[in-house]
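The lines below spell out each chain.
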Amino acid sequence: AQKITQTQPGMFVQEKEAVTLDCTYDTSDPSYGLFWYKQPSSGEMIFLIYQGSYDQQNATEGRYSLNFQKARKSANLVISASQLGDSAMYFCAMREGSSSNYQLIWGAGTKLIIKP
Amino acid sequence: DGGITQSPKYLFRKEGQNVTLSCEQNLNHDAMYWYRQDPGQGLRLIYYSQIVNDFQKGDIAEGYSVSREKKESFPLTVTSAQKNPTAFYLCASSAGQGPDTQYFGPGTRLTVL
């Protein structure tokens, strides 16, 4: 079974609109961390935001926020006021706390295109 | 400036040749990782190292080898045994504690001719 699922292969969004990228996860470990990364066409993976399973509040970093719904096992990335430079691939990843090797489990990604 | 460097950015090799991809970090991170990415796909872990002189296989280690003689360096060798080596290779490092966020280098695009 997929541990990280990103159901949107691609999205088109009008510039300045908010966008939500979906991520659902599957784990029985009570301790885990969720990460979002951005990969522009240049290829480099850029860390955006992190949410720990025990964090009481949703994580925020500038225009990025993470809509963490623990009971639904979802960790959607919200980008407010989208910009042309937000066009990129976006990956959701999880690390399970019981993992002794700090491996990340990656989703397949969502390609986001911002239209002017 | 702290960060991760990978060289070269583009690499071409003939079939049957081994090639080594460089990865260096000056973040003082304990852990380092190598990933492979094929077009339109997510990342797959090749090897990782949590400490100097120690490393473990990831999900797709066959045809690859690594070394970790220094904390700062984690070179990846793509051997002739790797059946389909053309791909984008990403190196990452992390502190090895806390959230343990992985930070990535710019990547090396390997093409086998």
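Residues numbered from 1 in each chain as written. Chains lettered and ligands numbered in written order. Predicted model: local features only at pLDDT ≥ 70, side-chain atom pairs only at ≥ 80, totals over all residues. Heavy atoms only, no water.

Moving on, we get to the state of the cysteines. All names here are of chain B. For the coordinates displayed, the defined rule picks out two disulfides over all chains. Each sulfur of the disulfide joining C23 and C91 lies 1.8 Å from the other. Looking along the S-S bond of the C23-C91 disulfide, the torsion reads about -75 degrees, which is the left-handed sense. With C23 in strand β3 (residues 19-25) and C91 in strand β9 (residues 87-94), this residue pair connects regions lying 68 residues apart in the sequence. C91 matches C23 in its accessibility class, with the two residues each being buried. (Disulfide = S-S within 2.5 Å. Helix = DSSP H or I, 4+ residues; strand = E, 2+ residues; numbered from the N terminus. Buried < 20%, exposed > 50% of the residue type's maximum accessible area, 1.4 Å probe, protein only.)

All names here are of chain A. Both strand β5 (residues 32-39) and strand β6 (residues 46-52) contribute to a ladder of six bridges, which runs antiparallel. If you follow F35 over to β6, its bridge partner there is Y50. With antiparallel pairing between neighbouring strands as the criterion, β5 and β6 make up a hairpin whose turn holds six residues, including G43 at a positive phi of roughly 105 degrees. (Pairing = 2+ DSSP bridges.)

A word on the sheet that holds strand β1 (residues 4-7) of chain B. All names here are of chain B. Across the sheet, four strands lie side by side as β1-β3-β8-β7; this open sheet has antiparallel pairing. The sheet is open, and its two borders are formed by β1 and β7 (64-66), each paired with just one other strand. Each strand of the sheet is rotated relative to its neighbour by a mean of 20 degrees, with strand direction disregarded. Pairing geometry for β1 and β3, over four bridges, is antiparallel. Directly across from Q6, in β3, lies its bridge partner C23. (Axes fitted to C-alpha atoms, helices over the stretch in contact; angles between N-to-C directions.)

Glancing now at the packing of aromatic side chains. All names here are of chain A. Under the counting rule described, the total for this entry stands at 15 aromatic pairs over all chains. Ring plane angle 20 degrees and centroid distance 6.5 Å describe the contact between Y25 and F68, whose orientation is recorded as stacked. Residue Y25 is located in strand β4 (residues 24-25), and its partner F68 is located in strand β8 (residues 64-69); the two are separated by 43 residues in the primary sequence. By the burial criterion, Y25 is buried, and F68 matches it. Judged by centre distance (5.8 Å) and plane angle (65 degrees), the rings of Y37 and F47 are edge-to-face. (Phe/Tyr/Trp six-rings, centres within 6.5 Å; stacked < 30°, edge-to-face > 60°.)

For chain B, per-residue confidence averages 93 on the pLDDT scale, and 99% of positions sit at 70 or higher. Strand β2 (residues 10-13) of chain B is the least confidently modelled element of chain B, averaging 92 in pLDDT, while β7(B) averages 97, the highest of any element. (pLDDT = per-residue confidence, 0-100.)

Now for the pairing of strand β2 (residues 10-14) of chain A. Residue and element names in this part refer to chain A. The side-chain alternation of β2 yields one buried face, formed by M11 and V13, and one unburied face, formed by G10, F12 and Q14. Sheet topology note: the β2/strand β12 (residues 110-115) ladder contains five bridges and is parallel. When the sheet's bridge partners are listed, M11 is paired in β12 with L112.

With 23 residues of chain B at the contact, the number on the chain A side is 19 residues. When chain B packs against chain A, close to 1,700 Å² is buried across both sides, 52% of that on carbon and sulfur atoms. On the chain B side of the contact with chain A, B:L43, B:P99 and B:F104 bury the most area, a combined 25% of that side's loss. Across the contact surface, chain B and chain A share zero salt bridges. Here chain B and chain A share two residue pairs in polar contact (both at pLDDT 80 or more) between them. Only β4 (31-37), β5 (43-51), β9 and β10 (103-104) of chain B provide two or more residues apiece to the side of chain B that touches chain A. (Contact = heavy atoms within 4.5 Å. Buried area = accessible area lost by both parts, 1.4 Å probe. Salt bridge = Lys/Arg side-chain N within 4 Å of Asp/Glu carboxyl O. Polar contact = N/O pair within 3.5 Å; in protein donor to acceptor, adjacent residues only side chain to side chain.)

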